Amino acid sequence: MTDEPQVTVVDNPDESRFEVRVDGTLAGFAVYETDPGVVYFVHTEVFEEFAGQGLAGRLAQAALGMVREAGDKIVPLCPYIKAYVRKHSPEYDDLLGAPVPEV
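Notes on the structure follow.

Points about the pairing of strand β3 (residues 25–35)
A regular strand places its side chains so that they alternate between the two faces of the sheet.
1) Next: Sheet topology note: the strand β2 (residues 17–22)/β3 ladder contains six bridges and is antiparallel. The residue bridging F18 from the neighbouring strand is A30, located in β3.
2) Next: Between β2 and β3, which pair antiparallel and follow one another directly, the connecting turn spans two residues, one of which, D23, has a positive phi of 50°.
3) Next: Here β3 pairs with strand β4 (residues 38–46) via eight bridges, running antiparallel. Bridge pairing links T34 to V39 in β4.
4) Next: In textbook terms, the turn of a hairpin is the stretch between consecutive antiparallel strands, and for β3 and β4 this stretch comprises two residues, one of which, G37, has a positive phi near 80°.

Criteria and thresholds
Residues numbered from 1 in each chain as written. Predicted model: local features only at pLDDT ≥ 70, side-chain atom pairs only at ≥ 80, totals over all residues. Heavy atoms only, no water. Pairing = 2+ DSSP bridges. Helix = DSSP H or I, 4+ residues; strand = E, 2+ residues; numbered from the N terminus.

In short, shape yes, function no, at least from these values alone.
Have a look at this one:
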């Protein structure tokens, strides 16, 4: 039996990004900007050495969950977050602060 790596997602407001870590090592992030009550997702990236492990999806799911818990809305400007929200509609439709822009 192999040990599964520990994947965590945290909000790092000093860097204006949600970060995904694997066993404590930064593996990727979703950069955001904010206005009162609104989080604008502007860029999502998973480092090449961590690609193909489903980390971008886990990052998106956790980040959107944290936004929901805070009672904020989102504007998905980042292509990945935009596609994630569309793919998982209607689960995240209540978070949309504005219509999802066309790709």
